[in-house]
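Structural characterization, general
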Amino acid sequence: NAGVTQTPKFRILKIGQSMTLQCTQDMNHNYMYWYRQDPGMGLKLIYYSVGAGITDKGEVPNGYNVSRSTTEDFPLRLELAAPSQTSVYFCASSTSSGPLHFGNGTRLTVT
Amino acid sequence: QQQVKQSPQSLIVQKGGISIINCAYENTAFDYFPWYQQFPGKGPALLIAIRPDVSEKKEGRFTISFNKSAKQFSLHIMDSQPGDSATYFCAASNIQGAQKLVFGQGTRLTINP
C-alpha cells in the first residue's frame, strides 16, 4: 500500500516562480488536507477538501491554491513564491472520523 | 480560541523513565484529541487519541490523560525507549467530517540509552 504519496521531495524556487506540489492517495479517502510545518510552530492547515470538486480554506491559505478533480489527487499550487513560503508541506487524507494519514512531505526553499 | 499550546519544546529522558508532554486548548467545541509521532524525514503518524467522554486512555506504554474542566490533556510514555526518540504533536479538532486539526507546537523527545 502506497498510502499518501507526495512529489517532489525537495524543491528550490526563486522568488516569483510558481510550482505545483503533487499529492495522491490510494485509500479512496474522501477528505484531503494540506498542512505546512515550520520549526517550533507545529502544523498549520492551508486548504482541505471534503470530496472531488469541493475545497475550502484552512488557517493559512494566502498565496496558495488547490483543486480536487478526482478523489485521488489534491495538488497545491504556489503562484508567486515568496521567502515566507519556505517550509515543509504535508498532504494528508482521511475518512470521516478516521485518523489523518500523512505523506512524507515536500521540503520547499524559496530564495 | 483555536490555539493548542504544547510544552515542553524539548525533553530529555533516561531509558526506562517516564516521558510527559502537556497540552492545553481553548475551544470547548473540540471533541477529538489525538497525539501524532513524527520521525525525521517522515510525516506525522497517529499514536493515540482520546474523546472527552473519558479521562484516560492507555495503549501499551502510551497513555493520554484528559482533564475537560481544565481544558488540558497530556501524553505519558512509560518505560521510555531510545526508539521513542521523535517529535510529538498534540492536536485537537471536531471528530465529524473534515478533521481540521489544530496542532500544538511540538515536543522533541530524546531518550538517552
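Above: the structure in question.
First, a word on scope: everything that follows refers to the structure included in this document. (Residues numbered from 1 in each chain as written. Chains lettered and ligands numbered in written order. Predicted model: local features only at pLDDT ≥ 70, side-chain atom pairs only at ≥ 80, totals over all residues. Heavy atoms only, no water.)

Some remarks on the packing of aromatic side chains
Put simply, the rule is: Ring pairs are drawn from Phe, Tyr and Trp, using the six-membered ring of Trp, whenever the two centres fall within 6.5 Å, and their geometry is named by plane angle: stacked under 30 degrees, edge-to-face over 60, tilted for the rest. Helix and strand labels come from DSSP, where a helix needs a run of H or I of at least four residues and a strand needs a run of E of at least two; each type is numbered from the N terminus. Geometrically, a charge over a ring is one whose NZ (Lys) or CZ (Arg) sits within 6 Å of the ring centre while staying within 35 degrees of the ring normal.
For the structure shown, the criterion picks out 17 aromatic pairs over all chains. When the centroid spacing of 6.2 Å and the interplanar angle of 55 degrees are considered together, the rings of B:Tyr25 and B:Phe73 count as tilted. With B:Tyr25 in strand S3 (residues 19–25) and B:Phe73 in strand S8 (residues 72–77), this residue pair connects regions lying 48 residues apart in the sequence. The rings of A:Tyr33, A:Tyr35, A:Phe90, A:Phe102, B:Tyr36, B:Phe89 and B:Phe103 are connected pair by pair, giving a single aromatic cluster. The positively charged end of A:Arg68 is found above the aromatic ring belonging to A:Phe74, 6.0 Å away from the centroid.

Some remarks on the sheet that holds strand S1 (residues 4–7) of chain B
Residue and element names in this part refer to chain B. Selection rule: Any two strands between which DSSP finds at least two bridges are classified as paired. Note on method: axes are straight lines fitted to C-alpha atoms, helices fitted across the in-contact stretch only, with angles between N-to-C directions ranging 0 to 180 degrees.
An order of S1-S3-S8-S7-S6 is seen for the five strands of this open sheet, with the pairing classed as antiparallel. A strand with exactly one partner marks an edge of an open sheet, and here the two such strands are S1 and strand S6 (56–59). Adjacent strand axes in the sheet meet at a mean angle of 15 degrees, parallel and antiparallel pairs treated alike. By the bridge criterion, six bridges tie S3 to S8 in an arrangement that is antiparallel. Among the inter-strand pairings, Cys23 is bridged to a residue of S8, identified as Phe73.

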